[in-house]
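Here are the chains, one letter per residue:
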Amino acid sequence: MNASKPIGYWLRHLHNLLEEHLDRTLADDSAGRSVTRRQWQLLATLSRGPRTSEELAAALAPFWTGAAEDPRAAIADLAERGWMRTDGDMISLNETGRELHAQLATRVEQARAVVLGDLTPEDYHQTLRSLQVMAANVATALGNPAQTPSPVS
């Protein structure tokens, strides 16, 4: 490992690798049910219960950047595929969507295990804690400490 590279390099490099790894994990399962990472995030969020489109947009905002990533388009695509339903402004997974989420969740958990490899839970927790502290330091320096989530405990 080349530890002489700065943290920004490793964060960006890891981000790109995670994107590719998850894309492959979510790729076509031979039944035509391939989803993107953003669609997976919608499925995972809705697996925890119905949400309004505004709630979905707020929950996913940290991950959906740029004009090309429009939650409304992803919601419409998943609805068109028959994986969710709407009741007024409430959006929820239907039975097919819940089954798909459960199948994909197993694959995503396996992918996460690959990412963690032989890191101990303590190693992982310390990594998260270190990143959270660095984010808080930079947010404070920028004058907006509210940009940083609650500390990892």
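This text follows the structure it describes.
The structure presented is a predicted model; accordingly, all values stated were derived computationally and were not measured.

Q: Sorry if this is basic, but what is going on with the packing of aromatic side chains here?
A: Ring pairs (aromatic) are described by centroid distance and by the angle formed between their planes. For the structure on display, the rule yields one aromatic pair. Above the plane of the ring of Tyr9 lies Lys5, whose end atom (NZ or CZ) is 5.0 Å from the centre.

Q: Teacher, can you tell me more about the nonpolar core here?
A: Most often, soluble globular proteins keep nonpolar side chains buried together rather than apart. Leu26, Val35, Trp40, Leu42, Leu43 and Leu104 are the most contacted members of the largest nonpolar core, which has 21 residues in total. Only α2 (37–46), α3 (53–60), α4 (71–80), β3 (90–93) and α5 (95–116) provide two or more residues apiece to this core. It is α2 that provides the largest number of residues to this core, a total of five residues.

Q: Explanation requested: the sheet that holds β3 in the structure shown.
A: With antiparallel pairing, the three strands of this open sheet are ordered in space as β1-β3-β2. The sheet is open, and its two edges are formed by β1 (51–52) and β2 (84–87), each paired on a single side. Here β2 pairs with β3 via four bridges, running antiparallel. Bridged to Thr86 within β3 is Ile91. Here α2 sits on the sheet in contact with β1, β2 and β3, set at roughly 95 degrees to β3.

Q: Looking at this model, I keep getting lost on the environment of His21. Mind explaining?
A: Along the chain, His21 turns up in helix α1 (residues 7–25). The sequence separation of His21 and Val108 amounts to 87 residues, and the corresponding C-alpha distance is 9.8 Å. Excluding residues within four positions of it along the chain, His21 makes contact with Ala111, Val114 and Val115. Here Ala111 takes part through its backbone oxygen, which lies 3.4 Å from a polar atom of the side chain of His21.

Q: When you look at a nonpolar patch on the surface in this model, what are you seeing that I'm missing?
A: On the surface, Val115, Leu116, Leu119, Tyr124 and Leu128 cluster together into a nonpolar patch covering about 380 Å² of accessible area. Within the residue set of the nonpolar patch, elements represented by two or more residues are α5 and α6 (121–141). Locating Tyr124 in the fold gives a position in helix α6. Under the relative-accessibility criterion, Tyr124 is labelled partly exposed at 38%.

How each quantity is defined
Residues numbered from 1 in each chain as written. Predicted model: local features only at pLDDT ≥ 70, side-chain atom pairs only at ≥ 80, totals over all residues. Heavy atoms only, no water. Phe/Tyr/Trp six-rings, centres within 6.5 Å; stacked < 30°, edge-to-face > 60°. Lys NZ or Arg CZ within 6 Å of the ring centre and 35° of its normal. Core = buried A, V, L, I, M, F, W, Y, C linked by side-chain atoms within 4.5 Å. Buried < 20%, exposed > 50% of the residue type's maximum accessible area, 1.4 Å probe, protein only. Helix = DSSP H or I, 4+ residues; strand = E, 2+ residues; numbered from the N terminus. Pairing = 2+ DSSP bridges. Contact = heavy atoms within 4.5 Å. Axes fitted to C-alpha atoms, helices over the stretch in contact; angles between N-to-C directions. Polar contact = N/O pair within 3.5 Å; in protein donor to acceptor, adjacent residues only side chain to side chain. Patch = residues over 30% accessible without salt bridge, like charges linked within 9 Å, V, L, I, M, F, W, Y side chains within 5 Å. Areas by Shrake-Rupley, 256 points an atom, 1.4 Å probe, with all protein chains shown as cover. Salt bridge = Lys/Arg side-chain N within 4 Å of Asp/Glu carboxyl O.

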